[in-house]
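Coordinate inspection notes
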Amino acid sequence: PRTTPDFGVADLSLAEFGRKEITLAEHEMPGLMAMRERYAAEQPLAGARIAGSLHMTVQTAVLIETLTALGAKVRWASCNIFSTQDHAAAAVAVGDGTVDEPAGVPVFAWKGETLGEYWWCTEQILDWPGGELPTMILDDGGDATLLVHRAVEYTKAGAVPEATADTPEELRVLLATLRNNLAAQRTDWIALANAVKGVTEETTTGVHRLAEMARDGQLLFPAINVNDSVTKSKFDNKYGCRHSLIDGINRGTDVLIGGKVAVVCGYGDVGKGCAESLRGQGARVIITEIDPICALQAALDGYQVARLDEVVGYADIFVTATGCLDVISAEQMSRMKHQAIVGNIGHFDNEIDMAGLARLDGIRRTEIKPQVHTWTFADGRSIIVLSEGRLLNLGNATGHPSFVMSNSFTNQVLAQIELFTRTDDYPLGVHVLPKHLDEEVARLHLDALGVGLTELTAEQAAYLGVPVQGPYKPEAYRY
Ligand code: NAI
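Residues numbered from 1 in each chain as written. Predicted model: local features only at pLDDT ≥ 70, side-chain atom pairs only at ≥ 80, totals over all residues. Heavy atoms only, no water.

This paragraph deals with the overall build of the chain. Counting its secondary structure elements, the chain contains 19 helices and 17 strands. In summary, the chain has a C-alpha radius of gyration of 22 Å against a globular reference of 23 Å for 479 residues, a match within 12%. Considered along the principal axes of its C-alpha atoms, the chain spans approximately 65 × 65 × 45 Å. Taking all 479 residues of the chain together, the buried fraction comes to 55%. Sequence separation of 24 or more characterises 72% of the internal contacts of the chain that already satisfy a separation of 6 or more. Accessible surface, the chain: about 20400 Å² in total, of which carbon and sulfur atoms supply 52%. When the 40 positive and 62 negative side-chain charges of the chain are each reduced to one mean point, those points stand 3 Å apart. (Helix = DSSP H or I, 4+ residues; strand = E, 2+ residues; numbered from the N terminus. Rg over C-alpha atoms; globule rule 2.2 N^0.38 Å. Buried < 20%, exposed > 50% of the residue type's maximum accessible area, 1.4 Å probe, protein only. Contact = heavy atoms within 4.5 Å. Areas by Shrake-Rupley, 256 points an atom, 1.4 Å probe, with all protein chains shown as cover. Lys, Arg positive; Asp, Glu negative; His and termini not counted. Charge placed at Lys NZ, Arg CZ, Asp CG, Glu CD.)

Another aspect to go through is the environment of glycine 268. Looking at the element boundaries, glycine 268 is found in the loop between strand E9 (261-265) and helix H11 (269-280). Judged by its relative accessible area of 25%, glycine 268 is partly exposed. Distance from glycine 268 to valine 62, taken between C-alpha atoms, is 28 Å for residues 206 residues apart in sequence.

This structure, assessed with the given rule, holds one cavity of 30 Å³ or more. Within the lining of the largest cavity, the residues separate by chemical class into five nonpolar, two polar and four charged. (1 Å grid on protein atoms, 1.4 Å probe; cavity = no way out; pocket = protein on both sides within 12 Å on 5 of 7 lines; lining within 4 Å. Points joined across faces, edges and corners; volume = space filled by probe spheres on them. Nonpolar A, V, L, I, M, F, W, Y, C, P; charged D, E, K, R; others polar.)

According to UniProt, the feature "domain: S-adenosyl-L-homocysteine hydrolase NAD binding" (unreviewed entry) maps to residues 237-399 in the numbering used here. The distance from the first to the last C-alpha atom of residues 237-399 is 11 Å, and the span holds 35% helix and 23% strand. (UniProt positions renumbered as here; feature names shortened; annotations may be inferred.)

Turning our eyes to something else, we now look at the UniProt feature "binding site: substrate" (unreviewed entry) in the chain. Mapped onto this numbering, the UniProt entry annotates "binding site: substrate" (unreviewed entry) at Thr57, Asp140, Glu202, Lys232 and Asp236. For aspartate 140, the location among the structural elements is in the loop between strand E6 (136-139) and helix H6 (143-157). Discounting residues that sit within four places of it in the chain, aspartate 140 has contacts with Ser53, Leu54, His55, Cys79, Glu201, Glu202, Thr203 and His347. Following the sequence through the fold, lysine 232 ends up in helix H10 (residues 230-253). Of the residues examined, lysine 232 reaches a relative accessible area of 2% and is grouped as buried. With sequence-adjacent residues up to four places away left out, lysine 232 is seen in contact with Glu202, Thr203, Val226, Asn227, Asn237, Ser408 and Asn411.

Printed below as a string of structure tokens:
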């Protein structure tokens, strides 16, 4: 990749193609475009310096350019080594400029980063030129937040701990990165953490990390949990995965899904969308769950619910969607049918025991094409693993489509504005956006679909005990 002090992308000459796709995406992202129109004069993010770590796709390009249209300065990295769309990254880096004189947002992302490059890119979004410090983090999965928290912790301790045999590869590389970083003393991490007003977090797994840090008293700045806006998790996680899961399987393998037996591990928001899309293609879908409520939901939705061990030998497709670890073990993979397809759509790659698979006696890995590998066991049978166990909808396909991401990212923009302009309303802790903003995000997406929304009369509103303009539901309502 081409690397200058102020951006690192694969190929700037892809910018024109990227710009064309960004222009198409804008039409499909009415929420973000409404934000640009509504806040053009007010510039609520003027003075904000946002460090963003989120899959560098075409849709994210529209988010980035919405943040800058609202006055923010932005630096960006992807939150996954395989998820960048290089043409989108190039277009954002070029911005209003040309390939020879890029004038866009500093983007540090390319498809197929090494883990070392990944953490380097994450460092770059926090390392602002001219002695400036970021004031906001926009995170997906929490890696930028993790880097800051670890850097502060090790600065205070005066040393970076050694990795142990149990340290996952990802963290081992982060520790090495931080060791070099702290030795170079380029950044005053304590001043940086103090300058950050807060973080807005995109996904279930990142929110989980934030909740743990808040519980343990380690959280350094307030957070808004964007994931749990209804218009995020009940849309992106569900309808987004309903679209992009099978897109990834199709682009990766091109097998006919109809007639196959598919196992989806986890029946949360992501699992529900995955199961529906596989069933829509004609697969017979089996769910695994640990939560009796979700297991019962799956059963009443008409799915067989079973333990993985009971079905591992006859299913054709396996998808993990749990946010948990070690959901499919190496031993279980060794019992799968020849050419069973195994992939993960949860945030991190620890759902499938890839390290254990690599350690099996006589195992052989063959690259079919990037992000598609067969693993052949000693007895000659093989399985197909997508995106090396990392999220396959972004590794093998292009992630969620624009319209659903417009909902998620409108929440992100509102959350950034809230935290930046009303910092005092959000004390240290993990918050969700108020319900009226959640309803507003949905409202902004109705016209594009020709939805005719019924309006309450004053009498009806009084009868229900809600304002005519909403919010319509109590906080505990689950949709
Ligand atoms: P969720 O919490 O709604 O659902 C996860 C489900 O997995 C829960 O019902 C839980 O009971 C179940 N589960 C946990 N451990 C399990 C195990 N060992 N076996 C079987 N089931 C188990 O979370 P959500 O929102 O569905 O997210 C799941 C993961 O997907 C997270 O890591 C999240 O960050 C990620 N995600 C990925 C997206 C993508 O585009 N690839 C989009 C949105 C979220």
